[in-house]
Amino acid sequence: MTQVFLGMPAGGQGNLFEQEPFPKAAHRELGNTQMRKNLRHATHSIRDKRLKVVGELPDWEALRNAGSTIKNNSMATLEERLLEFEKNFTARGGVVHWARDADEANKIVTDLVRGTGATEVVKVKSMATQEIGLNEHLESEGIDAFETDLAELIVQLGQDKPSHILVPAIHKNRTEVRDIFLKEMPVVDPNLTDEPAKLAEAARAHLRKKFLAAKVAISGANFALADTGTLGVVESEGNGRMCLTLPETLITVMGIEKVLPHWEDVEVFMQLLPRSSTGERMNPYTSLWTGVTEDDGPQNVHIVLLDNGRTRALADRFGRTALNCIRCSACMNVCPVYERTGGHAYGSTYPGPIGAILSPLLTGIEVEENGSLPYASSLCGACYEACPVKINIPEILVHLRGEDVDAKREKHKLPTQMDLLMKGGSWALGKGKNIGLLEKALPLGRLAAGKDKKIKKLPGIAAGWTKSRDIPAPPNKSFRDWWSDEKESK
Amino acid sequence: MSAKDEILGRIRTALADTPVTEEVPREYRTTSTMSQEQLIELLVDRLVDYKAGVEVIEAEQIPEFVASKLKDASSVVYPQGLDARWLSALGSEVELRLDAPGARLSVAELDATSAVVTSSAVSVAESGTIILDGQPDQGRRAISLVPDHHVCIVPVSTIVQLLPEAMPRLSITRPLTWISGPSATSDIELERVEGVHGPRTLDVLMVRGL
């Protein structure tokens, strides 16, 4: 009976999956010393900037509290908020489309572009379209999609993959960017230097004609305001303004979780977002539009409201706050794991700490490909502290680890090595007497050590521990034994 | 079942535990403690930090300063509602192009125009943000975007300290453009550099007595 499953939250599709287990991918990425150097430089400079501009605001914590509550409220009343947004956006001349998943969203956008007769579109940087693989889909349908954000352009020209949600080319330094431009731009000054200002100028020249001639633009949205039907895009370069203003048709693809209840809520998020993301007091440009404005900007305005696993995440009462994410990237900029492995190791469109919870929440943890993501963390908590909407990422990581173990247990039906280890651990740590008994056997471990008094390989799943570290051989006497000998001799 | 009905159904299923909403704790700052002189000083500081050109002038000095900022321009576009006297000191070699309902400049014409002069609706000193809301003295969005040089008039009476103070002064459903400096990017090594697709030069004239 398929009827039963209608209305049941379903997992997302598209670019939300690990391509290989995180430890394997991380191991490979760690070997890329240039990338690690680039990332270290970029993440450290942004950390200092963020702390400086956040420190300027005496009410930063009050803003975080407000932001977190607004988002929680929005998720708790999501159906009403979306209907309200639809009503207001439609009343102002916009058209609302709903997409259950990536395939459906891609199809809606393709049909809309086809309807205009255009064979190319300009794009504003958007995580949602990255997630659903829209560019690849459009290409397969004979429509060229041109990314206009500088970092997206670098990635697209270099046939690379994004590694950061805000600065997708963060893994490339200025010299590498210059080399990509020299190689891939059809018209470029052969004496182009690697000065960032010169590179920005080259991007301007490269895209200018595209902007001025574009008939269709595709964007994401940083927020939608339910009570007015307004959409907002936050950007820096003016590529967003070009796309949102000059073409005749504007198609926005937005996750359903982006809706905010009241237009005044903008005052909270526009203080939290720029300071958390680029470490600026304000980003250079923010555009807000409400449906169609006669004689100003696109006259055909569409929005595709995308589920693609968001309702699946919403159904997880311990994990649903991950949907509060405003995509600022502060969590990845402070993460010691991300800083070393880079974004590619996570596989999904969403890397870093937020990606490690969001990707499995959107797809379902039982999807094997995403099982290792919740372990891609030392649980140090820096991400939680940096998050402008207070998503408790470490807590959700631990919750998802539990879900992962449960899912695997269900699949295998038999107790795993981990189950047996945990059982053993619980026996040993449950009583002082038990652990004392075990310690008596410790000196036996010396037999496993080599001449250099190090244990280099443990058996079974414990091998993971010794893969990247040695264990010193145990002493010939346990602490308990040594203690009681000491006491006696006194 | 339509996609809409199905998604709304999924939301109802997902929220079967009926999470409660809480009153939003709006304990952040919503009122300024600054005098007008302090506001001017703060906004100047922020805009200079963004590499915008800033002058604080009297109303009668507008024509003179507009002319000096645009001394290298060959053509200037202005919206219909802009006070035409502000452009009165421009040299006769500067071509003035009016953008008005029924007489719109094409994108190509805007691209061939050196500069634009507009007014503004409200400015937020703390973040260095000038907000345009498409009123007749600011015009439609394209005119302040395509030309490479934007001269923007900010009456000091429209400066507030905090973003929450600016909100009641905005008509949110008008097309809004928030400008904090000339176009810039942080996409190369997360360092901000000015000058990408939007106007690469932003000159702000903060005007007393307007």
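Because the structure is a prediction, the values reported are computed rather than measured.

About the criteria used
Residues numbered from 1 in each chain as written. Chains lettered and ligands numbered in written order. Predicted model: local features only at pLDDT ≥ 70, side-chain atom pairs only at ≥ 80, totals over all residues. Heavy atoms only, no water. Helix = DSSP H or I, 4+ residues; strand = E, 2+ residues; numbered from the N terminus. Buried < 20%, exposed > 50% of the residue type's maximum accessible area, 1.4 Å probe, protein only. Contact = heavy atoms within 4.5 Å. Areas by Shrake-Rupley, 256 points an atom, 1.4 Å probe, with all protein chains shown as cover. Lys, Arg positive; Asp, Glu negative; His and termini not counted. Charge placed at Lys NZ, Arg CZ, Asp CG, Glu CD. Buried area = accessible area lost by both parts, 1.4 Å probe. Salt bridge = Lys/Arg side-chain N within 4 Å of Asp/Glu carboxyl O. Polar contact = N/O pair within 3.5 Å; in protein donor to acceptor, adjacent residues only side chain to side chain. Pairing = 2+ DSSP bridges. Core = buried A, V, L, I, M, F, W, Y, C linked by side-chain atoms within 4.5 Å. Phe/Tyr/Trp six-rings, centres within 6.5 Å; stacked < 30°, edge-to-face > 60°. Lys NZ or Arg CZ within 6 Å of the ring centre and 35° of its normal. Domains from an automatic or database assignment. Axes fitted to C-alpha atoms, helices over the stretch in contact; angles between N-to-C directions. Patch = residues over 30% accessible without salt bridge, like charges linked within 9 Å, V, L, I, M, F, W, Y side chains within 5 Å. Parallel < 35°, antiparallel > 145°, perpendicular 65-115°, else oblique. Nonpolar A, V, L, I, M, F, W, Y, C, P; charged D, E, K, R; others polar.

### A few points about the overall build of chain A
The number of helices and strands found in chain A is 22 helices and 12 strands. The dimensions of chain A, computed from C-alpha atoms along their principal axes, are 95 × 60 × 50 Å. Counting across all 490 residues of chain A, residues that qualify as buried make up 56%. Nonlocal contacts in chain A, meaning residues at least 24 apart in sequence, comprise 75% of its contacts between residues at least 6 apart.

### Side note on the overall build of chain B
Along the backbone of chain B there are 5 helices and 12 strands. Seen through its principal axes, chain B has C-alpha atoms that stretch 70 × 45 × 40 Å. In chain B, the proportion of contacts linking residues at least 24 apart, taken out of those at least 6 apart, comes to 70%. For chain B, the accessible area works out to roughly 8100 Å², and carbon and sulfur atoms hold 47% of it. On chain B, the mean spot of the 19 positive side-chain charges and the mean spot of the 31 negative ones are 5 Å from each other.

### Comments concerning the interface of chain B and chain A
Interfaces are frequently sized by the accessible area removed from exposure as the parts join. Residue-level contacts link 74 residues of chain B with 102 residues of chain A. Sorting the residues of chain B by area buried against chain A places Arg 10, Leu 190 and His 197 of chain B first, and these three jointly supply 11% of that buried surface. For the pair chain B and chain A, the number of links is 17 salt bridges. Our count for the chain B to chain A interface comes out at 42 residue pairs in polar contact (both at pLDDT 80 or more). Counting residues per element, the ones that place at least two in the side of chain B that touches chain A are helix 1 (3-14), helix 2 (36-49), helix 4 (107-111), helix 5 (163-166), strand 9 (176-179) and strand 10 (184-185) of chain B.

### Describing the pairing of strand 4 (residues 216-219) of chain A
Residues and elements named next belong to chain A. Burial along strand 4 is two-sided: the residues Val 216 and Ile 218 and Ala 217 and Ser 219 are all buried. Sheet topology note: the strand 2 (residues 120-123)/strand 4 ladder contains 2 bridges and is parallel. The residue of strand 4 that forms the bridge with Lys 123 is Ile 218. With 4 bridges joining them, strand 4 and strand 7 (residues 249-255) adopt parallel strand pairing. Looking at strand 7, one finds that Val 216 is bridged to Thr 249.

### Quick word on the nonpolar core
Membership of the largest hydrophobic core comes to 164 residues, with the highest contact counts inside it found for Phe 181 and Ile 357 of chain A together with Met 206 of chain B. Setting aside residues no more than four positions away along its own chain, Phe 181 of chain A makes contact with Leu 150, Leu 153, Ile 154, Leu 157, Val 188, Leu 192, Leu 199, Ala 202 and Ala 203 of chain A.

### Some points on the environment of Leu 199 of chain A
Locating Leu 199 of chain A in the fold gives a position in helix 10 (residues 196-213). As a C-alpha pair, Leu 199 of chain A and Leu 288 of chain A span 89 residues in sequence and 28 Å in three-dimensional space. For Leu 199 of chain A, the contacting residues outside a window of four places in its chain are Arg 174, Val 177, Arg 178, Phe 181, Leu 192, Thr 193 and Asp 194 of chain A together with Ile 188 of chain B.

### Here we look at the packing of aromatic side chains
All names here are of chain A. By the definition in use, this model includes 6 aromatic pairs over all chains. Connected via pairs of aromatic rings, a cluster forms that spans Phe 22, Tyr 338 and Tyr 346. Over the face of the ring belonging to Phe 269 we find Lys 71, whose NZ or CZ atom lies 5.8 Å from the ring centre.

### Focus on the pattern of salt bridges
Within this structure, the stated rule accounts for 60 salt bridges over all chains. Between Lys 456 of chain A and Asp 452 of chain A there is a salt bridge, and its shortest N-O distance comes to 2.9 Å. Given a relative accessible area of 39%, Asp 452 of chain A falls into the partly exposed group. Residue Glu 55 of chain B is joined to Lys 69 of chain B by a salt bridge in which the shortest nitrogen-to-oxygen separation is 3.0 Å. Here the residue Glu 55 of chain B occupies a position in strand 1 (residues 53-58), and Lys 69 of chain B occupies one in helix 3 (residues 62-69), the gap between them amounting to 14 residues. Sharing partners across several salt bridges, the network here consists of Glu 56, Arg 275 and Arg 281 of chain A together with Asp 45, Arg 46 and Asp 49 of chain B.

### Focus on the domain arrangement of chain A
Split by domain assignment, chain A resolves into domain 1 (22-311) and domain 2 (417-489). One C-alpha centre belongs to domain 1 of chain A, the other to domain 2 of chain A; they are set 52 Å apart.

### Some remarks on the pairing of strand 10 (residues 300-306) of chain A
Sheet faces and side chains relate simply in a regular strand, where the side chains alternate between the two faces. Residues and elements named next belong to chain A. Counted residue by residue, strand 10 has 6 buried out of 7 residues, so it is predominantly covered. Bridge count between strand 1 (residues 95-99) and strand 10: 5 bridges; the pairing is parallel. By the bridge assignment, Val 95 is partnered in strand 10 with His 302. The pairing of strand 7 with strand 10 spans 7 bridges and is parallel. Directly across from Thr 252, in strand 10, lies its bridge partner Ile 303.

### A short note on the sheet that holds strand 7 of chain A
All names here are of chain A. Across the sheet, 6 strands lie side by side as 1-10-7-4-2-3; this open sheet has parallel pairing. Each of the sheet's edge strands pairs with one partner strand only, and the pair in question is strand 1 and strand 3 (144-147). For this sheet, the mean inter-axis angle between neighbouring strands, taken without regard to orientation, is 25°. Across 4 bridges, the pairing between strand 2 and strand 3 is parallel. Bridging across to strand 3, Lys 123 finds its partner in Glu 147. Contacting strand 1, strand 2, strand 4, strand 7 and strand 10, helix 5 (residues 102-116) runs over the sheet at an angle of about 145° to strand 1.

### Points about unusual backbone geometry
Of all residues except glycine, most have a negative phi; of all peptide bonds, most are trans. In the Ramachandran plot, Lys 390 of chain A falls in the positive-phi region, its phi being about 55° despite a non-glycine side chain. Topologically, Lys 390 of chain A is positioned in the loop between helix 17 (382-386) and helix 18 (393-412).

### Quick word on a nonpolar patch on the surface
Residues Met 418, Leu 421, Met 422 and Ile 461 of chain A make up a contiguous nonpolar surface patch of roughly 390 Å² in combined accessible area. Under the relative-accessibility criterion, Met 418 of chain A is labelled partly exposed at 39%.

### Overview of the packing of helix 2 (residues 33-55) of chain A against helix 12 (residues 266-277) of chain A
Residues and elements named next belong to chain A. Their axes nearest at 8 Å, the elements helix 2 and helix 12 cross at an angle of 150°. One way to sum up the angle between helix 2 and helix 12 is to call them roughly antiparallel. Of helix 12, the residues touching helix 2 (which contributes Ile 46, Arg 50, Val 53 and Val 54) are Arg 275, Ser 276 and Ser 277. For the contact of helix 2 with helix 12, the per-class residue count stands at 3 nonpolar, 2 polar and 2 charged.

### A short note on the side chain of Ser 123 of chain B
All names here are of chain B. As for its position among the elements, Ser 123 is in strand 5 (residues 122-124). The exposure class assigned to Ser 123 is buried, which follows from its relative accessible area of 0%. Ser 123 has contacts with Leu 43, Thr 129, Ile 130, Val 154, Thr 158, Ile 159 and Val 160, leaving out every residue within four places of it along the chain.

### Comments concerning the environment of Ser 75 of chain B
Residue and element names in this part refer to chain B. Within the secondary structure, Ser 75 sits in strand 2 (residues 75-79). The sequence separation of Ser 75 and Val 94 amounts to 19 residues, and the corresponding C-alpha distance is 5.2 Å. Once you skip the residues sitting within four places of it in the chain, Ser 75 turns out to touch Val 94, Glu 95, Arg 97, Ala 112, Thr 113, Ser 114 and Ala 115.

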